[in-house]
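# Chains, contacts and geometry: an overview
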Amino acid sequence: MATPEETTRPVLACGEVRTCLLPSSRALSNKEAELLLRLRDDDHVRVSTRPGRHVLSPEILTGVDCRFPLANRAKVRGVGTVASRAALTEGRLLQASSYFRAPVEGPDRRQPWGYYLARPGTLLPVGRIPESACLQGFLTVREEGCLDIGSIAEALLARISRHTGLLDYDVPLRSAATKLWWTARPAAPGEGASLERFTLAEDGVRTVLLRVPRGTEITAVVGLCEDLALHDWLLTTMVEKLDDNGFGSADGTATLRVLGPLVDHLLHLWMPGARVDRTLGAVWEVIEEDPGFSRQWHTLVQRVRDQLALQAVMSQRQALATG
Amino acid sequence: MLVFAASDKGGTGRSVTSINLAYRRALDGDDVCYLDFDFGSPTAPAVFDIPDVAKEAKGRGLHSYLNGMTGEALRVDVWARTEHQVLRSRPSGAGRLVLLPGDRTGGEFVTDGASLHRCVDLVNALRREFNLIVVDLSAGRSYAMELALSATAQTELRSLKTRWLVYHRWTRQHVMAAADLVTGERGIVSAGVSLGHDKDQLLGAIRFVRAAVPDLGSPQWSQVPPAQFAWMRQCNRELEGIAAGLGIGRSRVLGSVPLEPVLQLQEQLITDEDVLDSRIANIQTWQAIGELAERLADDKHWGLL
Ligand SMILES: Nc1ncnc2c1ncn2[C@@H]1O[C@H](COP(=O)(O)OP(=O)(O)O)[C@@H](O)[C@H]1O
Ligand SMILES: [Mg+2]
């Protein structure tokens, strides 16, 4: 909800999504997922079964008082709370999101905590922040003393990963976690959502710059970014698994060892845009156009199927030869 | 799998050998990360040939992470960042190789529950991505050793296969010190048991590595005068006797790495290029490290004797 002061001045939104495979040998049931993501007793875990199984934790808050990561290196203090939530898709893919809204102008002086607590999930500058330096800065600046939103998201992943009662840590395939950093600013009046930039940076980092219609709830933007991050993770992991293995070599069991888990655990997870708020759907359309996520995905899936078919033929031939 | 590299004394060859082991497992296709808990004398950046790591790790390294001064420990992709001629292109079939450097900026170690939890969280996050986590501990009965023992005693890490490599040089003092580090007072076993480990299981997960051992059968030593040679063989036999008497005889040894002239002069990786092309390093060294790397992952060489 927008507070009165925000209806006139622009409010930016920033966040990070971390995506990884749940440290478990099997997918969790919705019941188990509900237990896993019960981060608070006073709020519900949201479970949806269609389209696809998706379990969403309640939001938790982390207090911060630090420098804004600004691209122009100006020193502006930000005080407030960062919101976080976790999501589990198909009982398999775990995501932690941390995010905040930032009005470009805040009180000139640091206020008592009560003031900030009344604005949950908002990081208020002490003074003003230049809009573009903030958006750029969040996507590029990671230095000491500045807001470290990744640590907040990572702490949530760690907290969930400590759930020894539900997790056996025996992952069917090893994979790296990805990070997606996103920022959103209001679109011009009357304009819809648009994707200004999507880049692959180093160390598994993705950056996304969005414009969203005025009045869009931040959780809708978070949902979009989680959906992008999830599908990007799927692509990244598939590419890594397929490219890293010298297929074509005669060793069929090695090939199956790589492909088996992909088929069992990942192939059915592709469902781009299914859970995204309708007002933001245009962003997926852009991504499907270029770089064409689904096109890439279907090519990869075809490669997996081709390899499996080939393996089947080879083992049949072997059986005939030895039989 | 989680592997701790320990030694009673400094200068045993623990860091250099462990880094070489990590490298060889990665070449074999394992996804490997190497954690430098030996904050006093970081060796990995030099061995992996990544010069700017120390500066980069300031305030973001493992020490700072464990002390809660940064929420995440810095990770450095070795294949991407190394200036080493041979390493620069990741060989096909090789797994990931990632360094988590230490840093001296974290201040005094805080030995509280919080750092223990951070350690557990870190390992938990790493095991999703890597199938081999090598942790280089500092020499002696250190805080790092205690942290390693406490962390692996937690329920979260119980299911993770954990192995200990105890390095020592091939001298009387080193052999005795290594045995004492394991079975002596406040050694790994007694400390581990008091932290909740099962004694037999822990003992079964500990093996010794003899580093920089003169291999008297190698051509290197064929030139020494007969009297000297005889004396060396006598010493060798006595040392074997001492080691066996202390319970760290051959069956408890995972392997030995021969004295390597290249490593005597410089802390570095031994690559196939070094032994096959430029031939500056001995092929026996390359083989010995390869054998160690193989046995490290082979259950046959582990467990209670
Ligand atoms: N097999 C070997 N032969 C000769 N020198 C070695 C061998 N292994 C290690 N060294 C050298 O011994 C010294 C100490 O090794 P290092 O790994 O730093 O020991 P530690 O970590 O136990 O303190 C280094 O200069 C290293 O290059
Ligand atoms: Mg060392």
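Here the residue index of a chain counts from 1 through its sequence in written order. All chains are assigned letters beginning with A, and all ligands numbers beginning with 1, in the order in which they are written. Owing to the predicted nature of the model, reporting of local features is limited to residues with pLDDT of at least 70; listing and counting of side-chain atom pairs is limited to 80 or more, with chain, interface and lining totals taken over all residues. Hydrogens and waters are ignored; side-chain quantities use all the structure's heavy atoms.

## Focus: the overall build of chain A
- Tallying secondary structure elements over chain A gives 8 helices and 10 strands in all.
- For a compact globule of 323 residues, the expected C-alpha radius of gyration is about 20 Å, and chain A comes in at 22 Å, within 12% of that figure.
- Along the longest, intermediate and shortest principal axes, the C-alpha atoms of chain A span 85 × 40 × 35 Å.
- Think of it in three bands: residues with accessible area under 20% of the maximum for their type are buried, residues over 50% are exposed, and the middle band is partly exposed, with areas taken using a 1.4 Å probe on protein chains only. Looking at chain A as a whole, 52% of its 323 residues qualify as buried.
- Computed with the Shrake-Rupley method and a 1.4 Å probe, the accessible areas treat only the protein chains shown as cover for residues. Accessible surface, chain A as shown: approximately 14,700 Å² in total, 51% of it carbon and sulfur.
- His is not counted here, nor are the chain ends, while Lys and Arg score as positive and Asp and Glu score as negative. Lysine's charge is taken at NZ, arginine's at CZ, aspartate's at CG and glutamate's at CD. In chain A, which carries 38 positive and 39 negative side-chain charges, the distance between the mean positions of the two groups comes to 2 Å. Only runs of H or I of at least four residues qualify as helices and only runs of E of at least two qualify as strands under DSSP, and these elements are numbered from the N terminus. The atom set for the radius of gyration is the C-alpha atoms, and the globule formula is 2.2 Å times the number of residues raised to the power 0.38.

## Here we look at the confidence of the model for chain B
- On average, residues of chain B carry a pLDDT of 93, and 98% of them reach 70 or more.
- Interface confidence for the predicted complex, expressed as ipTM, amounts to 0.89; the pTM equals 0.93. pLDDT gives the predictor's per-residue confidence on a scale running from 0 to 100.

## Details of the site of ligand 1
Residues and elements named next belong to chain B.
- Nearness is defined per residue: one heavy atom within 4 Å of the molecule or strand is enough. Taken together, the neighbourhood of ligand 1 is formed by 17 residues, with Gly11, Thr12, Ser15, Leu263 and Glu267 sitting nearest.
- For the purposes of these results, a polar contact is taken to be a pair of N or O atoms within 3.5 Å, where, inside protein, one atom must be able to donate a hydrogen and its partner to accept one; residues adjacent in sequence count only when each atom of the pair is a side-chain atom. Interatomic distance of 2.9 Å between a backbone N/O atom of glycine 13 and an oxygen atom of ligand 1.
- When ligand 1 sits alone it has 560 Å² of accessible area, and the protein chains cover 89% of it.
- Every element with two or more residues in the shell around ligand 1 is listed here: α1 (14-27), β8 (253-258) and α13 (261-265).
- The greatest single-element share of the shell around ligand 1, amounting to 3 residues, is contributed by α1.
- Residues of the shell around ligand 1, tallied by class, amount to 6 nonpolar, 7 polar and 4 charged. All residues other than Ala, Val, Leu, Ile, Met, Phe, Trp, Tyr, Cys, Pro, Asp, Glu, Lys and Arg, Gly among them, are scored as polar; the first ten of these are nonpolar and the last four charged.

## Structural notes on the pairing of strand β8 (residues 178-186) of chain A
Residue and element names in this part refer to chain A.
- Counting buried positions along β8 yields 8 of 9 residues, so the element is predominantly enclosed.
- What makes two strands pair is DSSP finding at least two bridges between them. Sheet topology places strand β1 (residues 11-21) next to β8; 7 bridges connect them, and they run antiparallel. When the sheet's bridge partners are listed, glycine 15 is paired in β8 with tryptophan 182.
- In this sheet, strand β10 (residues 205-212) lies alongside β8 in parallel orientation, the contact comprising 8 bridges. If you follow alanine 184 over to β10, its bridge partner there is leucine 210.

## A word on the environment of alanine 193 of chain A
- Residue placement: alanine 193 of chain A occurs in the loop between β8 and β9 (194-200).
- Each C-alpha atom, one on alanine 193 of chain A and one on glycine 281 of chain A, is 7.9 Å from the other, the two residues being 88 residues apart in sequence.

## Let's talk about unusual backbone geometry
Residue and element names in this part refer to chain A.
- Between arginine 50 and proline 51 the backbone carries a cis peptide bond, its omega angle lying at -5°.
- Relative to the helices and strands, proline 51 is located in the loop between β2 (46-48) and β3 (54-56).
- Although it is not a glycine, arginine 73 sits at a positive phi angle of roughly 60°.
- Note on placement: arginine 73 falls in the loop between β4 (60-67) and β5 (77-89).
- According to the relative accessible area criterion, arginine 73 is partly exposed, its value standing at 48%.
- Within the chain, glutamate 90 stands out as a residue other than glycine whose phi angle is a positive 50°.
- Along the polypeptide, glutamate 90 turns up in the loop between β5 and β6 (93-103).

## A few points about the packing of aromatic side chains
Residues and elements named next belong to chain A.
- Stacked, tilted and edge-to-face pairs are distinguished by plane angle, under 30 degrees for stacked and over 60 for edge-to-face with tilted covering the rest, among Phe, Tyr and Trp rings (Trp via its six-membered ring) whose centres lie within 6.5 Å. On inspection of all chains with the given rule, the structure shows 10 aromatic pairs over all chains.
- Arranged with centres 4.6 Å apart and planes meeting at 5°, the rings of tryptophan 270 and tryptophan 297 form a pair that is stacked. One end of the pair, tryptophan 270, is in the loop between α6 (252-266) and α7 (281-289); the other, tryptophan 297, is in helix α8 (residues 293-322), with 27 residues separating them in the sequence. For the residue pair tryptophan 270 and tryptophan 297, the accessibility class agrees, reading buried in each case.
- Ring plane angle 75° and centroid distance 5.8 Å describe the contact between tryptophan 284 and phenylalanine 293, whose orientation is recorded as edge-to-face.

## What about the packing of α6 of chain A against α8 of chain A?
Residue and element names in this part refer to chain A.
- To get an axis, a line is fitted to the C-alpha atoms, and for a helix only the part in contact is used. The angle between two axes follows their N-to-C directions and goes from 0 to 180 degrees. α8 packs onto α6 with a crossing angle of 135° between their chain directions and a minimal axis gap of 10 Å. Taken together, the axes of α6 and α8 are oblique relative to one another. Viewed along their axes, α6 and α8 form a crossing whose handedness is left-handed. Counted together, Gly252, Thr255, Leu256, Leu259, Leu262, Val263 and Leu266 of α6 and Trp297, Val304, Gln307, Leu308 and Gln311 of α8 form the full contact between these two elements.
- Class assignment for the residues of the contact of α6 with α8 results in 8 nonpolar, 4 polar and no charged. Oblique is the label for any angle not covered by the other classes, which are roughly parallel (under 35 degrees), roughly antiparallel (over 145) and roughly perpendicular (65 to 115). Crossings are classed by handedness, with left-handed meaning an anticlockwise turn of the near helix from the far one by less than a right angle and right-handed meaning a clockwise turn. For this analysis, residues touch if any pair of their heavy atoms sits within 4.5 Å.

## Considerations on the state of the cysteines
Residue and element names in this part refer to chain A.
- By definition, disulfides here are pairs of cysteine sulfur atoms that lie within 2.5 Å. Applying the stated criterion to the full structure yields 0 disulfides over all chains.
- Looking at cysteine 225, it has no disulfide partner, and the nearest cysteine sulfur is the one in cysteine 14, 10 Å off.
- Cysteine 225 sits in the buried class, given a relative accessible area of 0%.

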